[in-house]
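# What the coordinates show
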Amino acid sequence: MLGWEYPPKISGGLGIASQGVAEALAKSGHDITFLMPKFQAPPRPGSVDLREANAIEPDYTLWNQTKSVEKKIKRFSIGVSLLPYLPADYFTKVNEEKKIVKELAKPDAKNLLKEVKLSGSYSGEIKREMVKYALLASQCTIRESFDVIHCHDWMTFSAGIMAQSFTDIPLVLHVHSTEMDRNGVHAQKWILEEEKKGFKKADKIITVSSSVRNLLVQQYGVEAQKIIVVPNGISTQETKVSQHQDGKKRIGFVGRLVNQKGPSFFLDMARELLNRQDNIEFVMAGDGHLLSSLKERAKGINLYDKINFAGFLDHQKTVDLIASLDLLVVPSISEPFGLVVLEAISNNTLAVVSKGAGIAEYVPSLPQCDYWDTFNYSRLIESLLFDNETREKILKTSQEQASKLTWESAARVVEKVYKSIKSSQAA
């Protein structure tokens, strides 16, 4: 498995989901090696062989080797007499021949391996880090024996493609979210290209919801039969709930402070609610490039002393916070799955989600509203907040529906994906 993060290093749901799938597969008897760029803290002991690409000694001799490549050479000849209104290719003859040539496996690899330091971040020299990570991942794949290459999200797709090109090992891509989900019309073209290359080369693609599957088919042109939907799961855990004794209702937002997650809509809802109720407090947990502008906006609409900007919290502190809430609000513009919602309802906190959230495919009883409809969203929140009986009833139904979503059940479907590739290759 190739992934950019793994607990204790997380920036959101990606690391948690990567760990959930990897450990469930390992516990069911598979040997899982998980390679990430750099450890942010010593890894916890577990059933997964967790490795740091940063610690791999580059084998420069490997990248100085040549490889034989079959290239198609086309020769074009154009007739002397051309007629107007007819394209040039009407008069063009093409002769094609195949030729075996030798070239360096990766001409600039040696310098890049020496110069680039892997940080595992999503900024800075991420493009060059991805290339170095791909070289080291390929080196690891070549030197050892693996049956499947399983990549988590776009940062690792190029590494999976390179490793596959040297070994012919089947390639599975796990799509937790896409660049279109994250940035919509502002999607970065080079990331879209990374995704498209990966989708084209993959033997199978796993998506966390049907909505992501449909997006890949409609927007990326991926063949539907290539995609298998595998929902995320949840691990049972005990949580110490911090009680708030002042009688106030507590509403929370947990997520990256980026446009995709809709934090500005949360502020709009907070203002709307406080116009009608004064015994509510709000918590926004997370970090992102919108943090400063959100704080300024909160000041501008007289909400700053009503909202606790808690910043980024580690996973356990996040779970503790969620368990202390009366209601979790998830106003995302796009939510491919929504792992935080699973964590909320498993800790007895009901979540209100925006329409189209992937989690609602599996837990349809969740209260939903259009993310942009601030008025109706706030009305829905208010009714649930002060109607304990209705809130508890919906919560119980949601928990029953969510109980089917486990990492063990996800692992069983992933196993079937692996076996289907093996069967098709045998055929």
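Residues numbered from 1 in each chain as written. Predicted model: local features only at pLDDT ≥ 70, side-chain atom pairs only at ≥ 80, totals over all residues. Heavy atoms only, no water.

This brings us to the overall build of the protein. Looking only at helices and strands, the protein features 15 helices and 14 strands. Within the protein, the fraction of its 427 residues that count as buried is 49%. Partitioning the contacts of the protein with sequence separation of at least 6, the portion at a separation of at least 24 is 67%. Accessible surface, the protein as shown: approximately 21400 Å² in total, 49% of it carbon and sulfur. (Helix = DSSP H or I, 4+ residues; strand = E, 2+ residues; numbered from the N terminus. Buried < 20%, exposed > 50% of the residue type's maximum accessible area, 1.4 Å probe, protein only. Contact = heavy atoms within 4.5 Å. Areas by Shrake-Rupley, 256 points an atom, 1.4 Å probe, with all protein chains shown as cover.)

We now examine the pairing of strand S5 (residues 149–152). Neither face of S5 is left uncovered, since the one carrying Ile 149 and Cys 151 and the one carrying His 150 and His 152 both have all their residues buried. Pairing of S5 with strand S6 (residues 171–175), which is carried by 4 bridges, proceeds in the parallel orientation. Of the residues in S6, the one forming a bridge with Ile 149 is Leu 171. On the question of chirality, the crossover connecting S5 to the parallel S6 by way of helix H5 (residues 157–167) is right-handed. (Pairing = 2+ DSSP bridges. Right-handed = clockwise from strand over helix to strand, strands pointing away.)

With that out of the way, let us pick up the packing of helix H11 (residues 315–323) against helix H12 (residues 339–346). Between H11 and H12, the least distance of the axes is 9 Å, while the angle of their chain directions is 55°. One finds that H11 runs oblique with respect to H12. Classified by chirality, the crossing of H12 by H11 is right-handed. Residues His 315, Val 319 and Ile 322 of H11 touch H12, and the partners they reach there are Val 340, Glu 343 and Ala 344. (Axes fitted to C-alpha atoms, helices over the stretch in contact; angles between N-to-C directions. Parallel < 35°, antiparallel > 145°, perpendicular 65-115°, else oblique. Left-handed = near helix turned anticlockwise from the far one by under 90°.)

Averaged over the protein, the pLDDT score is 88; the fraction of residues at 70 or greater is 86%. Of the regions scoring below 50 in pLDDT, residues 101–105 engages in 20 contacts with residues more than four places distant in sequence or in other chains. (pLDDT = per-residue confidence, 0-100.)

Attention now goes to the sheet that holds strand S12 (residues 327–330). Ordered in space as S11-S10-S9-S12-S13-S14, the 6 strands form an open sheet in which the pairing is parallel. Edge positions in the open sheet fall to strand S11 (307–311) and strand S14 (368–369), since each of these has one partner strand only. Here 4 bridges tie strand S10 (residues 280–285) to S11, and the two strands are oriented parallel to one another. Across the sheet, residue Ala 285 finds its bridge partner in S11, namely Gly 311. Together, strand S9 (249–254), S10, S11 and S12 form the strand contacts of helix H9 (residues 263–274), whose direction differs from that of S10 by roughly 175°.

Attention now moves to the nonpolar core. Phe 199, Leu 216, Ile 251, Phe 282, Met 284, Leu 342 and Ile 359 are the most contacted members of the largest nonpolar core, which totals 125 residues. At 8 residues, the largest contribution of residues to this core is made by helix H1 (residues 13–27). For Met 284, the contacting residues outside a window of four places in its chain are Phe 253, Leu 257, Pro 263, Phe 266, Leu 267, Leu 294, Ile 307, Asn 308, Phe 309, Ala 310 and Gly 311. (Core = buried A, V, L, I, M, F, W, Y, C linked by side-chain atoms within 4.5 Å.)

Two aromatic rings are characterised by how far apart their centres lie and by the angle between their planes. In the structure shown here, the tally under the stated rule is 10 aromatic pairs. Seen from their ring centres, Phe 266 and Phe 282 are 6.0 Å apart, and the 85° between their planes marks the pair as edge-to-face. Taken together, the positions of Phe 266 in helix H9 and Phe 282 in strand S10 put the pair 16 residues apart, joining distant regions of the chain. Residue Phe 266 is classed as buried on the basis of its relative accessible area, which comes to 2%. One aromatic cluster in this structure is built from Phe 157, Phe 199 and Tyr 220. (Phe/Tyr/Trp six-rings, centres within 6.5 Å; stacked < 30°, edge-to-face > 60°.)

With that settled, the discussion passes to unusual backbone geometry. Between Pro 7 and Pro 8 the backbone carries a cis peptide bond, its omega angle lying at 15°. Looking at the secondary structure, you find Pro 8 in the segment before H1. Phi is positive for Asp 153, close to 65°, though the residue is something other than glycine. By relative accessible area, which is 4% here, Asp 153 ends up buried.

Our focus in this paragraph is the pairing of S9. A large share of S9 lies buried, amounting to 6 of its 6 residues. The alternating pattern of S9 places Lys 249, Ile 251 and Phe 253 on one face and Arg 250, Gly 252 and Val 254 on the opposite face, and all of these are buried. With 6 bridges joining them, S9 and S10 adopt parallel strand pairing. The residue of S10 that forms the bridge with Ile 251 is Phe 282. Taking the sense of rotation as the criterion, the β-α-β connection linking S9, H9 and S10 turns out right-handed.

Our next topic: the sheet that holds strand S7 (residues 204–207). Reading across the sheet, the 4 strands line up as S5-S6-S7-S8 and stay open at both edges, with parallel pairing between neighbours. Unpaired on one side and paired on the other, S5 and strand S8 (227–229) mark the two borders of the sheet. With strand direction ignored, the average angle separating the axes of adjacent strands in the sheet is 25°. Bridge count between S6 and S7: 4 bridges; the pairing is parallel. Directly across from Val 175, in S7, lies its bridge partner Thr 207. Across the sheet, H5 lies against S5 and S6, angled at about 165° from S5, the strand it touches most.

Throughout the structure, instances matching the rule amount to 15 salt bridges. A salt bridge links Arg 128 to Glu 125; the nearest nitrogen and oxygen atoms lie 3.1 Å apart. Note on Glu 125: relative accessible area 40%, which makes it partly exposed. The residue Arg 276 makes a salt bridge to Glu 272 at a minimum N-O spacing of 3.2 Å. Here Arg 276 falls in the partly exposed class, since its relative accessible area comes to 27%. On the basis of relative accessible area, Glu 272 is assigned to the partly exposed category, the value being 23%. (Salt bridge = Lys/Arg side-chain N within 4 Å of Asp/Glu carboxyl O.)

Our focus in this paragraph is helix H14 (residues 388–402). For H14, built from 15 residues, the straight-helix expectation of 21 Å at 1.5 Å per residue is met to within 8% by its first-to-last C-alpha distance of 21 Å. Packed against the buried residues of H14 are S9, S12, H12, strand S13 (350–354) and helix H13 (374–386). (Expected span 1.5 Å × (residues − 1).)

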